[in-house]
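Observations on chain architecture
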Amino acid sequence: MQFEFVKDMPRAAQPEMTIDISFLVGKVVFVWMIMLLFPVILSNLVYEKQQKLRTIMKMHGLGDMAYWTISYCYFLLLSLLYMLFLIVFGSWAGIMLFKMSEYRVQFLVYFAYMNLQISFAFLMATYFSNVRTASVTGYLFTIGSGYLAEYLFRPIFEDMSLSRSWTTLMEFFPPFSLYRIIYEFSPPPSPFYRTDFSGIQWGDLSDRKNGMKEILIIMAFEWVTFLLLTFFLDEFGTLINGIRKMVSASQKQTIQLQESEYSVEMDRTDVLREREIVEQLLQESDSSYSIVCNNLKKVYHGKDGNAEKIAVTGLSLSIQRGQCFGILGPNGAGKTSLISMLTGFTKPTSGTAYIDGMDIRLDMGKIYTGIGVCPQFDLLWETLTGREHLMFYGRLKNLRCAALDRAVEQSLKSVRLFDGGAADKRVAEYSGGMKRRLSVAISLIGDPKVVYMDEPSSGLDPSSRRALWNAVMSAKQNRAIILTMHSMEEAEALCDRIGIMVNGSLQCIGNSKEMRSKYGGTYVLTVTTAAGKEEVVEQLVRSLCPAANRVYHISGTQKFEMPKQGLRISQVFQAMEHAKSWLNIAAWGLSDATLEDVFVKVAKESDISSV
């Protein structure tokens with residue numbers, strides 16, 4: 001039977017049914033996507049902290065406020081670009097979470113949260129010193145926070161029998177605030193949108209039902225709080241340290257006049273004379289001295305039942321401008337600990353040092369603007385080239401335009417990194433020696449008045465070492481340089497004065513000639529004879545010098561130390577030339593004591609006295 005002229009009852013048109021992907025994946029996935037930047041920011045900050053890149057930047061003049069401002073702006077720009085891409089792509093893909101609410105509202109809310117997330121990452125970075133630990137913790141925090149928001153915060157929020165104050169209190173935890181934002185921006189929980197939900201518009205911000213106004217206030221309050229805590233913890237470490245370090249200007253003089261905790265036990269006249277010079281400089285300042293160390297002491301407290309280690313013991317030292325001072329000493333003598341205190345890596349246990357009249361305990365921020373540092377281990381960015389490193393540190397030293405280009409080119413040539421394209425290679429492709437030369441070039445760029453170099457020539461081939469020596473010798477005009485080294489040849493070639501450190505204390509000090517004359521006051525006679533003639537040679541040497549001491553004997557070759565006092569060189573020459581015929585002497589030689597002999601002798605005497 002045909003129903004002609006029968007029509008369906010008129011009714012309102014229904015929109016095309018669409019399935020929103022945000023309903024399928026859930027709100028927690030979008031929480032994770034937005035929080036994904038948190039471990040990235042945290043890892044980057046901890047990386048610069050672990051590699052001490054921030055410290056080396058600070059030593060070249062980058063202040064704390066400038067560092068935090070630049071880092072903050074960089075991460076904020078990165079976060080905004082990430083959110084812009086997420087919103088644009090989400091709107092294009094038809095995700096109602098990004099499509100329904102007004103874009104002005106989304107910008108305001110996400111901008112506030114991005115600022116909060118960055119400040120929270122800054123705060124957390126103060127508690128980590130290892131990148132791997134920080135990265136793992138950041139990702140676990142992101143994943144765990146999403147689950148907590150989904151299975152703890154949402155049931156409490158949707159339970160209308162509970163007071164709204166519980167929800168407000170929980171929103172002080174940043175991930176819960178983000179989950180609430182995603183919750184309010186999302187459509188009702190149905191795969192078929194047949195409701196009148198139109199998202200959140202600008203006029204809905206003051207609506208107490210969606211809670212956007214309260215969330216913005218909470219995030220603004222936390223943002224300010226996190227930044228203040230970051231600044232305090234970065235400056236002082238802990239609350240107790242902060243109270244101790246907040247020294248007023250009236251207390252500064254009291255600190256400078258603290259009594260010495262160390263008394264000189266050695267009877268070295270040169271060390272005593274150096275201490276007297278330091279005491280005189282403290283009473284009457286002399287602008288020609290760039291570095292004055294007064295009773296510097298560093299003690300590393302023992303852990304896990306180990307005894308404490310005294311790295312530097314009451315060291316007093318003065319260095320004039322235009323002078324290169326070398327510090328020699330065996331491994332563990334305290335050389336690196338001394339450099340670390342002078343450069344701000346570590347704090348002295350007692351005593352202090354003055355750099356151009358500024359105290360390292362109170363004025364380190366000002367000191368950094370006028371020093372250059374080549375640390376023992378290369379502190380470089382693997383992704384930057386050698387030229388980019390020098391351009392960056394040159395700008396920190398206020399070099400601009402043509403002056404910067406000339407300084408960079410000159411620095412690269414001085415350390416032999418200009419030719420062969422090495423200047424424009426990433427540091428990750430550098431050998432150990434190339435990295436070392438780049439670190440030296442960084443320490444000298446910008447004309448610093450004080451330069452510290454901790455074993456700068458380690459790992460260099462002879463040709464590169466010679467080029468480095470030339471660079472240091474030409475750079476020491478009108479500046480003070482402290483070098484630590486193991487090479488006696490390097491010490492004699494570069495240093496105007498040399499100090500030998502053993503067991504954390506300065507054992508002797510002076511130029512190379514003075515030290516050889518005073519502490520190596522012997523000649524070394526070497527004689528090689530046929531087997532069976534050793535005893536006769538020894539008797540001959542003792543007839544020339546009864547105080548002679550045989551220090552080496554193997555396969556017919558003997559070495560004797562002969563005190564210079566009362567010994568005539570001409571007499572030794574005559575006796576040995578006369579004995580060549582009847583003793584069958586194959587070779588003989590007489591040499592003065594070297595700096596290496598002085599070093600070995602002083603180190604042995606110090607070890608014996610310490611026992």
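In every chain, residue numbers begin from 1 and rise along the written sequence. In keeping with the predicted nature of the model, local features appear solely for residues at pLDDT of at least 70, side-chain atom pairs appear and are counted solely at 80 or more, and the whole-chain, interface and lining totals rest on all residues. Only hydrogens and water are set aside; all other atoms, that is, all heavy atoms of the structure, feed into the side-chain values.

Salt bridges are counted wherever a side-chain nitrogen of Lys or Arg sits within 4 Å of a carboxyl oxygen of Asp or Glu. Taken as a whole and assessed by the stated rule, the structure comprises 16 salt bridges. The residue Arg321 makes a salt bridge to Asp356 at a minimum N-O spacing of 3.4 Å. Of this pair, Arg321 sits in the loop between β2 (309-320) and β3 (324-328) while Asp356 sits in the loop between β4 (350-355) and β5 (358-359), placing them 35 residues apart in sequence. With a 1.4 Å probe rolled over the protein chains alone, any residue whose accessible area is under 20% of its type maximum counts as buried; one over 50% counts as exposed, and the rest are partly exposed. With a relative accessible area of 32%, Arg321 lands in the partly exposed category. Exposure remark for Asp356: the relative accessible area of 33% places this residue in the partly exposed category. Of the charged contacts, one joins Glu409 and Lys413 as a salt bridge, the two residues approaching to 3.0 Å between their closest N and O atoms. Of the two residues, Glu409 and Lys413 are both situated in helix α18 (residues 401-414); the distance of four residues between them amounts to about one turn of the helix. Helix and strand labels come from DSSP, where a helix needs a run of H or I of at least four residues and a strand needs a run of E of at least two; each type is numbered from the N terminus.

Before going further, it helps to examine the sheet that holds strand β1 (residues 289-300). When DSSP locates at least two bridges between a pair of strands, those strands are taken to pair. Strand order in the open sheet made by the four strands is β2-β1-β4-β5, with antiparallel pairing throughout. Edge positions in the sheet fall to β2 and β5, since each of these pairs with one other strand and no more. Bridging between β1 and β4 involves five bridges; their strand directions are antiparallel. Across the sheet, residue Cys293 finds its bridge partner in β4, namely Ala353. Residue contacts follow a heavy-atom distance rule, with two residues in contact if any of their heavy atoms lie within 4.5 Å. Note on definitions: angles span 0 to 180 degrees between N-to-C directions of axes, and those axes are lines fitted to C-alpha atoms, for helices only across the stretch in contact. Here helix α14 (residues 269-283) sits on the sheet in contact with β1, β2 and β4, set at roughly 65° to β2. Strands β1, β2 and β4 of the sheet are contacted by helix α15 (residues 335-343), whose axis makes an angle of about 115° with β1.

This part covers a nonpolar patch on the surface. Patch rule: a residue counts if its relative accessible area is over 30% and it has no salt bridge; like charges are joined within 9 Å, and nonpolar side chains (Val, Leu, Ile, Met, Phe, Trp, Tyr) within 5 Å. For accessible areas, the Shrake-Rupley method is used with a probe of radius 1.4 Å. Any residue's cover is judged against the shown protein chains and nothing else. Judged by side-chain polarity, Leu162, Trp166, Leu169, Phe172 and Phe221 come together as a nonpolar surface patch covering roughly 530 Å² of accessible area. Considering the arrangement of structural elements, one finds Phe172 in the loop between α9 (164-170) and α10 (174-185). Residue class for Phe172 comes out partly exposed when judged on its relative accessible area of 36%.

It is at 8 Å that the axes of helix α7 (residues 103-125) and helix α11 (residues 212-236) come closest, and there the two elements cross at 25°. The orientation of α7 with respect to α11, classified from their angle, is roughly parallel. Like other packed secondary-structure pairs, α7 and α11 cross with a definite hand, here left-handed. Residue-level inspection shows Leu108, Val109, Ala112, Tyr113, Asn115, Leu116, Ser119, Phe120, Phe122 and Leu123 of α7 in contact with α11, the latter providing Met212, Leu216, Met219, Glu222, Trp223, Phe226, Leu227, Leu229, Thr230 and Leu233. Of the residues contributing to the contact of α7 with α11, the split by class is 16 nonpolar, three polar and one charged. Working definition: roughly parallel below 35 degrees, roughly antiparallel above 145 degrees, roughly perpendicular at 65 to 115 degrees, and oblique for all remaining angles. By definition, any crossing whose near helix is turned counterclockwise from its far helix by less than a right angle is left-handed, and any crossing with a clockwise turn is right-handed. Here the nonpolar group is Ala, Val, Leu, Ile, Met, Phe, Trp, Tyr, Cys and Pro; Asp, Glu, Lys and Arg are the charged ones; every other residue, Gly included, is treated as polar.

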